[in-house]
Amino acid sequence: MEPTREVFGNIASWMQVVFYVLVSIGITVPVWCLWRRSRLWRCGIPKEFEYNWRIWTKRLVTYVLFQKRVHRKSLGGILHVLLFSGFFVLSIGTTLLFIADKGPVHFHRGMYYLFYELTMDIFGVVFCIGCALALLRRTAFRSASLGHNSIDWVLLGLFFVICITGFFLEAFRLQYTNVEPSVARWSVIGRWLELAFSGITQPTAQALHLAMWWIHVGFIVSFFAMIPVTRFLHVFTGALNVALRPSRSA
């Protein structure tokens, strides 16, 4: 059989509805806050402001996507690249999964599916390493110039838990669906965890998968809702600032 998987396997239809409602609410919170702030930002736009999509796109690609200004050998630069690349790839992967599930063509199969699983696991590890380095920087190697408050710990904790629960969710899915080893091995971390839980029964694995799914979703929705009060907001405001700032030598 061609390698693939059901996107909402083990998740009842009513649970999927609840999922989309919760995610919609979670996303609405930061969008609404950004819209409110944008009204103040627009008040400061000069009359001669130039709308140049080419310049905006070039800046976003250079300084946001490829992180040009943080490519330095410091711990802060390294962890920033790891966090950004991990979050970016995992977000793109989740979006592609949604498109494959709800779109007209189910392309989430075959070699694409195998490379997808491998890529998501690799960048999941990258993201976790970035979180670990960020925690290390704020404890053992914290500089006096590094601003910090309690919400930073919450944000890093959310990042780390979302990633870890995602791996366990994958492991329990592989366990209860009895995925062939030749396919399961592409989910590197999930396969390793599956082998660690090889002693549990299929019904237990299915029950743990469902419980872990709800926990994973809960943390994701919490992250969305907390964006306006955490440093993660600068991902959006910083990108806007880079794209829309007046022209000057970079």
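From a predicted model like this one, the values you see are computed outputs, not experimental measurements.

Considering the confidence of the model for the protein chain
Now for step 1: Averaged over every residue, the pLDDT of the protein chain is 83; the share at 70 or more is 74%.
Now for step 2: Mean pLDDT values over the elements of the protein chain span from 61, in helix H9 (residues 234–244), up to 96, in helix H7 (residues 188–196).

A few points about the nonpolar core
Now for step 1: By size, the foremost hydrophobic cluster in this structure holds 40 residues, and its most contacted members are Phe127, Phe159, Trp213 and Phe223.
Now for step 2: Here this core gets 10 residues from one element, more than from any other, and that element is helix H5 (residues 150–176).
Now for step 3: Apart from the residues lying within four places of it in its own chain, the contact partners of Phe159 are Phe87, Phe127, Cys131, Phe223 and Phe232.
Now for step 4: Ranked by size, the runner-up nonpolar core spans six residues in total, among them Leu114, Val179, Val183 and Ala184.

Quick look at the side chain of Glu194
Now for step 1: Secondary-structure assignment places Glu194 in helix H7.
Now for step 2: Using a relative accessible area of 7% as the deciding quantity, one classes Glu194 as buried.
Now for step 3: Setting aside its immediate chain neighbours within four residues, Glu194 contacts Ala171, Leu174, Gln175 and Ala184.

Reading the values: the criteria
- Residues numbered from 1 in each chain as written.
- Predicted model: local features only at pLDDT ≥ 70, side-chain atom pairs only at ≥ 80, totals over all residues.
- Heavy atoms only, no water.
- pLDDT = per-residue confidence, 0-100.
- Helix = DSSP H or I, 4+ residues; strand = E, 2+ residues; numbered from the N terminus.
- Core = buried A, V, L, I, M, F, W, Y, C linked by side-chain atoms within 4.5 Å.
- Buried < 20%, exposed > 50% of the residue type's maximum accessible area, 1.4 Å probe, protein only.
- Contact = heavy atoms within 4.5 Å.

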